[in-house]
Amino acid sequence: MLDSIKFKLEVVVPEVEIPKEKWTGRVREVKIGGKGRKEVVVGGATAMPFLDFEGEIPNPPRVAVEVRDDPSGFPPGLLSSWGDDVVNDVGSWAKKAAELGAEIITLRLTSAHPEGQNTGVEEAKSAVDKVLSAVDLPLMVIGPEIADKDNEILVPIADLAEGQRIVLGNCVENNYKTIAAACIAANHIAIAKTPLDINLAKQLNVQVSDIGVPLESILMDADMGALGYGIEYAISIDERLKLAALMGDSVTAVPIINHPGPETWRQKEAKVSEGVPESWGGYDERALYWEELSATSIIHSGADVVTLCHPKAVEYIKSMIAKLMGQ
Amino acid sequence: MALTGIQIYKLLPKTNCKECGYPTCMAFAMKLAAGQEDLSKCPYASDEAKEKLSAAAKPPMRAVTIVTNDHQLTTGAELVMYRHQKKFFNPAPLMVRVKDTASADDLNETVEEVGNYSVDRVGMTFTLDGFAVQNDSGDASTFASCVESVKSKTDMPLTLIATDPNSMSAALEKVGDSRPLIYAATKDNIDQMGQLAKKYSCPMVVKSSDGLDELAELSEKASGAGVEDIILDPGDRDLHNSLVSFTQVRRLALRKFEPFGYPIISFPGEGASSVEEEVNLAAQHIAKYANVIVMDSFSPAIAYNLLTLRLNVYTDPQAPIQLQSGIYQVGSPDEKSPLCITTNYALSYFAISGEVEATGRPSWILVVDTEGLSVLTAWSAGKFDADGIAAHIKQFDAADKVNHNSLILPGGVAILKGETEENLPDWKILVGPREAPGIGGYFRQNAQIWEG
Amino acid sequence: MSRFIAASTARGARQVIDKADNMLKGALDSLGPDAPVEFKDRSGGPTAYYLPVIYGYLGHKVEKVGDLQYPLDRAKSLLAPEPDENMWLPYLGETLDAGVGTLWAEEIIKGIEFAQGKQPEAKGDFQFNGPIDDGQLRSWGIAMVDGSMPGFAVVIGEAPSNQAAVRIVRELQARGQLVFLSGNVNGRSVVDQLLEEGVDLGYPTYTVSFGSDTESTVYATGYATRAAFSFGNVTPGDWRRVLLYNKFRCFAFALVLGPMDDVKWATGAGAIDYGFPAIANTMVPHILPTGVTRYEDVISEPWDDIPGDTNEKAKRLIDKCIEVRGIKVTIPQPELPVTYGPAFEGEVIRRRDMQVEFGSKSGPGVELLEMKDTDAVEDGKCEVVGPDIDEIDFGNNPNTYFACKIDVAGRAMRDEFEPVLERQLHNLSNEVEGYQHQGQREITWIRVSKKAYEAGLRLKHMGDVFHTTFHNQFGSIVDKIQTTFYTNQEDVEKIMEYARDKYRERDERIGGLKDESVDTFYSCTLCQSFAPTHVCVINPERPGLCGAYTWLDCRAAYEINPRGPNQPVEKGKCLDEAKGEFEGVNQFVYDNSQRTVERMTLYSLMDAPMTTCGCCECNMVLIPEANGIMIVSREDFGETPCGMKFTTLMGQIGGGQQSPGMMGHGKRFVLSEKFISAEGGLRRVVWMSKPLKEELKDDLQQRCEAIGEPDLMDKIADGDICTTVEDLVPFLEEKGHPALSMESMI
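Residues numbered from 1 in each chain as written. Chains lettered and ligands numbered in written order. Predicted model: local features only at pLDDT ≥ 70, side-chain atom pairs only at ≥ 80, totals over all residues. Heavy atoms only, no water.

(A) Spatial organisation of unusual backbone geometry. Cis geometry is adopted by the peptide bond preceding Ala184 of chain B, which originates at Tyr183 of chain B and carries an omega value of 0°. Along the chain, the position of Ala184 of chain B falls in strand S8 (residues 181–185). Along the chain, Gln119 of chain C connects to Pro120 of chain C via a cis peptide bond; the corresponding omega equals -15°. Along the polypeptide, Pro120 of chain C turns up in the loop between helix H4 (92–115) and strand S1 (122–123). Non-glycine residue Lys35 of chain A carries a positive phi angle of around 50°. Mapped onto the elements of the fold, Lys35 of chain A is located in the loop between strand S1 (29–33) and strand S2 (39–43). One non-glycine residue, Tyr289 of chain B, lies in positive phi territory at about 85°. Within the secondary structure layout, Tyr289 of chain B lies in the loop between helix H10 (275–287) and strand S12 (292–295). For Tyr289 of chain B, a relative accessible area of 2% translates into the label buried. (Helix = DSSP H or I, 4+ residues; strand = E, 2+ residues; numbered from the N terminus. Buried < 20%, exposed > 50% of the residue type's maximum accessible area, 1.4 Å probe, protein only.)

(B) Summary view of the environment of Gln267 of chain A. In this fold, Gln267 of chain A is placed in the loop between helix H10 (260–264) and helix H11 (268–271). According to the relative accessible area criterion, Gln267 of chain A is buried, its value standing at 4%. In this structure the C-alpha to C-alpha distance between Gln267 of chain A and Gly230 of chain A, which are 37 residues apart in sequence, comes to 12 Å. Leave out the neighbours within four places in its chain, and Gln267 of chain A touches Ala226 and Tyr229 of chain A together with Gly354 of chain B. (Contact = heavy atoms within 4.5 Å.)

(C) Region of interest: the interface of chain C and chain B. Between chain C and chain B, the contact holds 27 residues from the first and 24 residues from the second. Note on chain C versus chain B: buried area summed over both sides is about 2,000 Å², and carbon and sulfur give 59% of it. If you look at where chain C meets chain B, you find two salt bridges. For Lys18 of chain B, the salt bridge is made with Glu726 of chain C, and the minimal N-O distance between the two is 2.5 Å. (Buried area = accessible area lost by both parts, 1.4 Å probe. Salt bridge = Lys/Arg side-chain N within 4 Å of Asp/Glu carboxyl O.)

(D) Inspection of the sheet that holds strand S12 (residues 402–409) of chain C at higher detail. Residues and elements named next belong to chain C. Ordered by their spatial adjacency, four strands build an open sheet running S10-S12-S15-S11, and the pairing between neighbours is mixed. What marks the edges here is a single partner per strand, and that holds for strand S10 (365–371) and strand S11 (382–385). On average, each strand axis in the sheet is tilted by 15° relative to the strand beside it, whichever way the strands run. Inspection of the sheet shows S10 paired to S12 by seven bridges, in the parallel sense. (Pairing = 2+ DSSP bridges. Axes fitted to C-alpha atoms, helices over the stretch in contact; angles between N-to-C directions.)

(E) View of the interface of chain B and chain A. Each side of the interface is counted separately: chain B has 60 residues, and chain A has 61 residues. A combined buried area of about 5,100 Å² lies between chain B and chain A, and 60% of that area is made up of carbon and sulfur atoms. Between chain B and chain A we count eight salt bridges in total. For the interface between chain B and chain A, the tally reads 26 residue pairs in polar contact (both at pLDDT 80 or more). At ten residues, helix H11 (residues 300–313) of chain B tops the list of elements feeding residues into the side of chain B that touches chain A. Classifying every residue of the side of chain B that touches chain A gives 28 nonpolar, 17 polar and 15 charged. (Polar contact = N/O pair within 3.5 Å; in protein donor to acceptor, adjacent residues only side chain to side chain. Nonpolar A, V, L, I, M, F, W, Y, C, P; charged D, E, K, R; others polar.)

(F) Representation of empty space enclosed by the protein within the structure. For the structure shown, the criterion picks out nine cavities of 30 Å³ or more. Its volume calculated, the largest cavity comes out at about 130 Å³. Taken together, 17 residues make up the lining of the largest cavity; nearest its centre are Val154, Thr217, Ala254, Thr267 and Ala271 of chain C. Of all the secondary structure elements, the ones that give two or more residues to the lining of the largest cavity are strand S3 (152–157), helix H8 (218–231), strand S6 (253–257) and helix H10 (262–273) of chain C. For the lining of the largest cavity, the element with the most residues is H10 of chain C, which contributes four residues. Partitioned by chemical class, the residues of the lining of the largest cavity number twelve nonpolar, four polar and one charged. Computed from the structure, the second largest cavity encloses a volume of approximately 110 Å³. Residue lining of the second largest cavity: 15 residues in total, with Ala45, Pro49, Ile57, Ala303 and Asp304 of chain A positioned closest to the centre. Per-class residue counts for the lining of the second largest cavity are ten nonpolar, three polar and two charged. (1 Å grid on protein atoms, 1.4 Å probe; cavity = no way out; pocket = protein on both sides within 12 Å on 5 of 7 lines; lining within 4 Å. Points joined across faces, edges and corners; volume = space filled by probe spheres on them.)

(G) Just the pattern of salt bridges, in detail. All names here are of chain C. For the structure shown, the criterion picks out 83 salt bridges over all chains. One salt bridge in this structure joins Asp262 and Arg11, with 3.0 Å as the shortest N-O distance. On the criterion of sequence distance, the pair formed by Asp262 in helix H10 and Arg11 in helix H1 (residues 3–30) is long-range, its members being 251 residues apart. Classification of Arg11 as partly exposed rests on a relative accessible area of 34%.

(H) Representation of the sheet that holds strand S14 (residues 445–449) of chain C. All names here are of chain C. With antiparallel pairing, three strands are arranged side by side in an open sheet as S9-S14-S13. Either end of the sheet is taken by a strand with one partner, and the two such strands are strand S9 (354–358) and strand S13 (435–438). In this sheet, neighbouring strand axes are inclined to one another by 15° on average, regardless of whether the strands run parallel or antiparallel. By the bridge criterion, four bridges tie S9 to S14 in an arrangement that is antiparallel. Paired with Met354 across the strands is Ser449, a residue of S14.

(I) Structural view of the packing of aromatic side chains. Overall, the coordinates contain 40 aromatic pairs over all chains when judged by the stated rule. An angle of 75° between the planes, with centres 5.7 Å apart, marks the rings of Phe210 of chain C and Tyr219 of chain C as edge-to-face. The class of Phe210 of chain C is buried, set by a relative accessible area of 0%. Owing to a relative accessible area of 4%, Tyr219 of chain C belongs among the buried residues under this scheme. Three or more aromatic residues joined by ring pairs make a cluster, and in this case those are Phe39, Tyr57, Trp104, Phe114, Phe152, Phe180, Phe210, Tyr219, Tyr223, Trp239, Tyr274 and Phe276 of chain C. The positively charged end of Lys14 of chain B is found above the aromatic ring belonging to Tyr9 of chain B, 5.9 Å away from the centroid. The ring of Phe88 of chain B has Arg250 of chain B lying over it, and the distance from NZ or CZ to the ring centre is 5.6 Å. (Phe/Tyr/Trp six-rings, centres within 6.5 Å; stacked < 30°, edge-to-face > 60°. Lys NZ or Arg CZ within 6 Å of the ring centre and 35° of its normal.)

(J) Structural detail: the nonpolar core. With 276 residues, the main nonpolar core has Ile105 and Val208 of chain A, Val206 and Phe260 of chain B together with Phe152 and Phe180 of chain C as its most contacted residues. If one sorts the elements of this core by residue count, H4 of chain C sits on top with ten residues. Setting aside residues up to four positions removed in sequence, Val206 of chain B forms contacts with Ala185, Ile190, Leu215, Leu218, Ser219, Ala222, Ile230, Ile231, Leu232 and Asp233 of chain B. Formed by 90 residues, the second largest nonpolar core is a distinct cluster that contains Tyr522, Met620, Ile631 and Ala739 of chain C. (Core = buried A, V, L, I, M, F, W, Y, C linked by side-chain atoms within 4.5 Å.)

(K) Quick peek at the layout of surface pockets. Residue and element names in this part refer to chain C. Counted as a void, the second largest pocket has a volume near 1,200 Å³. What lines the second largest pocket is a set of 37 residues, and nearest its centre among them are Asp319, Lys320, Glu323, Asp379 and Lys480. The leading source of residues in the lining of the second largest pocket is helix H11 (residues 310–325), at seven residues. Counting residues domain by domain, the lining of the second largest pocket receives three or more from each of domain 1 (3–325) and domain 2 (342–497). (Domains from an automatic or database assignment.)

(L) Quick peek at the confidence of the model for chain A. Of the residues in chain A, 96% reach a pLDDT of 70 or more, and the chain-wide mean stands at 92. In this model, residues 1–11 of chain A is a region of pLDDT below 50 whose contacts with residues beyond four sequence positions or in other chains number three contacts. (pLDDT = per-residue confidence, 0-100.)

(M) Representation of a negative patch on the surface in the model. A contiguous patch of negative charge, built from Glu15 and Glu17 of chain A together with Asp210, Asp213 and Glu217 of chain B, is present on the exposed surface. Mapped onto the elements, Asp213 of chain B comes out in helix H8 (residues 211–224). Judged by relative accessible area, Asp213 of chain B falls into the partly exposed class, the value being 45%. (Patch = residues over 30% accessible without salt bridge, like charges linked within 9 Å, V, L, I, M, F, W, Y side chains within 5 Å. Areas by Shrake-Rupley, 256 points an atom, 1.4 Å probe, with all protein chains shown as cover. Lys, Arg positive; Asp, Glu negative; His and termini not counted. Charge placed at Lys NZ, Arg CZ, Asp CG, Glu CD.)

(N) Molecular detail of the packing of helix H5 (residues 121–134) of chain A against helix H6 (residues 147–160) of chain A. Residue and element names in this part refer to chain A. Closest axis-to-axis distance for the H5/H6 pair is 9 Å, and the angle between their directions is 40°. Relative to H6, the element H5 lies oblique. As H5 packs across H6, the resulting crossing turns out to be right-handed. Note on element contacts: H6 touches H5 through Glu152, Ile153, Pro156, Ile157 and Leu160, opposite Val121, Ala124, Lys125, Val128 and Asp129. Tallied by class, residues from the contact of H5 with H6 come to seven nonpolar, no polar and three charged. (Parallel < 35°, antiparallel > 145°, perpendicular 65-115°, else oblique. Left-handed = near helix turned anticlockwise from the far one by under 90°.)

Below you can see the structure in the form of structure tokens.
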């Protein structure tokens, strides 16, 4: 009796038909670099991250490595992983990052911060120059994120790198026009950054493109907190943006950039080696995993470019991306 | 298709007897429709109602429970692909694998270390969830005694890993009333494993060695044989394939493909070539669709990372993480250190503590209970006001912590200054920057306040 | 359009083209076809895009003298005969074409002059600038794109006096406008006038001298074309986009000082192609709006007719230019003696802390915003008629009178925006520290704190606040704003009476709007940040569920920000009249709810009701026992007959859920004829929150009477009468509530 039932059950096992999402949208491809620099293409997906059974993932998420012209904001634990001689010169830093597999160099002009060294246009240009001459990778330059200062230093930098399609950031809600205009004039790519809000992200993309930056020259940064510091918001915003793009919303169909590296290294878990609970584990191991997990999560949620900080994180995340791409 | 509250109401007795705990049948129907209640609470529900409701209400993914004397570990019952669509419900248990070939000392050490591990975050305590004991020796009695030994040292839930039904049977003899997870029924042993699962009322994993077709077949076989609590192992291990197959299984489950209407188990260590990769795989599985995760590597740093990620991923998007109210420390503050105030919306707190951290100046942060609302939202909702601030200052004895009696209000609610001064006549109320990134500059400009 | 202008342009174009023709013949002879032709900057460096106007229009690269023949031939082909004295046809197109030919010919002339070494022009010791160099173009271009520099003014000819020349340039500079100078009147030009007055010309002062002839004006259109290449993503020869870019992005205009001549007309016609209007300070015919430029193409503002002294005349002339070109000037935050910001919204000033109170118990308070003709509004003016705060002895005489009258003008302003803008006064004034604003219309109630008064706050400052904030937030519809406060009895009473008439008119206008009389509803997706699948659809007879947005508000919001969260929703085919189901609405909601909500009706609670975000004012819930519905409002914290409090209900249906039998809505929806009309409307209401019932009392009574149920109010229970369904039903039976005998709701 039991056997016959089992037999019946076996024959009624429904065949597994893999449901495939029929998306209509495609994330735009953005070409970074060129004119003598290596060119890196980001975006282009017609499916959610790595789900290549139902769409194309023509380009892997790209790994950018952050170098700073004033490294003092980074904790010693991170700086020592690069070496003191390296981090005191953005050129050498970029060069080493390139050797370790960086695909893009993110130069953050921290020295220009009005609360810090408050350096000016000349220092910023010189930092950019150093990186440009040290490596042939595409470049991303982010200002101190103080509106007036960003405008002051990023415009001459745009000029300096004319035509090399560097990425300039950040265009934000109340300060996007100048950077956007500089991108248009010198054929660069603008980062449109919004604070964890899908509508604002959409709106800013519209505004930046309205002013004349083609959507093929915009990356959007919907912001993120590191692991433990609100990363769940970023996961959901990225997923929603990517889904909206795949559903055919042209305005959100631009590649997503996130900065899990620098976000991690400003948090306590990655900064403090003593006087923390034993259950946090050893500092080096904990801090590195903190960056890795922040990056892993956001890459799985739709990030097309991630900025990392630690040399080992670059190695592990690149290896992970290659495997996720089925390589 | 889920039933609406009205449709359910029509099936209820409409007597408003209140025995379900709700004042009206309508209120109960709405709860049922939202999936927040169970029809069994209605003592007068008709058979028709039960049948229709259970058919409509059968969740796309079964909740499976692993039981020990003191613990009940429930997993599964997920309803969405993406957390923003509703939320992820049951945080995937993280277990650590031990093998019966390990020396008794090593085994003891691991069990003790993992078992005792706990970490605090946002005022909550997190631990790992159990052990997976593996029959590496191939010997039934070795396995049984290993399981018995683990069982004697911990009451955490267990997964028993063996391919030989005899080993499994021997181990199950030793677990008393616990109902560990049986791993795994394969196409070679599903009949015997299924019988064990039924005999001991244990949940059981079905493991495919050949893709999703085989997985569906095994799942149907197991349920056909009367095993209700099933967990799926699609068999894929590497980063790419596990993402793809877990996604497909979850998607099919949500589309009510019954053979896949169960939780998924994963073994990140088996697909990894290094510890780092195992951790990355585990992170992927936390975010993407594993419901039980068995780790091979353990260290406090790994555990802290993965538990934090799980907390984040499983946070209800509608109910953001809240902190306990109280005075928090950044660094080791003393009586001269600044005292900032903010709400218990975790993101607000993190934004501020991160910036304070960056200043290098140890500080106190008074967290006011605003039911998880951010500063401006709480203020406009009347949940962050002078009375509340004063009450928290007193409740947590802020006056004993600092000697300068200065309190820094978030700049966005400068308007509260006057009233707070009235409520706290002994205090100087300072207005801080509007946004957290301004804290560095603010501390520098006002350094004399805290440097005497 | 004017035959006079057409004729003059045709003659001017022919004159310039003939000149170019002759010069080219000469240059081919003397220099040869291979002599290089290039626009160089002052330092002799090259400038990009060849002869830019020709390159932009024709995609034709001019690199040597021989290359000039083709554009010249094309220019000749654009020449039309002069219009006949007696029989003239519409010739705007011909005139504009002649203008284009003129610009090409002018570039040819300048190109040859460069080849001959005669450019940039020198006049005595003075060296004209000539074409703008590439670096400067980029840096000014960025300023124009980011809005810090609105555009440029080409000043052609000679001002009535040296002082006038200086004042005109100063007025332009004060508005951030770049100034280009060219042309002359009988040999004298604005450049001469400025030099005589010791005014510095050059890039640092944003004044650029092109040359002493009218032809050098072509460097301005060249600059505009190069800007379109650099910032407008334009390809050579794509003349349409060159022109559109400049019309919409480059706020330039020509100001012609002194008598016009044929060449000036012809050059001006070329500028109009770029969307650059011309303003003349002499008596010339107007060209009223044609669509080529934003508003009028040509405007005459005869200098002698402008009132005031030279300074005043210059200011008014430039005001007119700015208005005709549609330039929006961003005004910096007002200088206030107190702080300004959203944190002070909702600030409460207690009686003992206040310096003065207007409205409420202290006397009448009224505010009215009205649209006026542009000439009737003086932008930025604020007048206080009667005593200001410091002249009121409130302590001894707590009787005050208050009227705030705001006049706005704007090219895009419409009278139905009046109430929308008027409602902004509440938020805008509340953001001032120490200034409390409550109520609206004839129940305006204001308190000013002692602290703010001591810091120096006066009513006149509020005028500055309104001026800047209206410009900055509503600049797309408001061009000018002027504020008058009245604080004496007589004026206030007069305005009160006048305002009441206005309010009545408006109410009739809004109240008169029916869903059937419009084709378009509006969406609101403002709440998608936390309710990602929620789409509010707002129709004339149903406000947004938060109560903050009416259909008119949404329409205004859409005009103000066409890419914002309020989008037009075409109704499309009506699928069910009673339930208010429309094809267009369904489609819009589906597309904008992440494809989760497939149908949404507007007038039904039971079938596919609107989703609920989280900010609804009220919730209605089916009470099956009573065959009706209850309405609980947000301010009601108590229990309700459905067994759930407001907050519990929100937990059930908030976040974008569609739950038949429960729905969030705005308070005033209760008064609408479309209020759940599919289920029988107001007759279904069996219970209401007490505060809501109180608030809507009078209007509700009217509606009850209108539907033939004058006693309905008494039959509707509230929180004081009962909070359980067990008590509710007997109450309804006793009162004979109509819902009990209506068709079953489920």
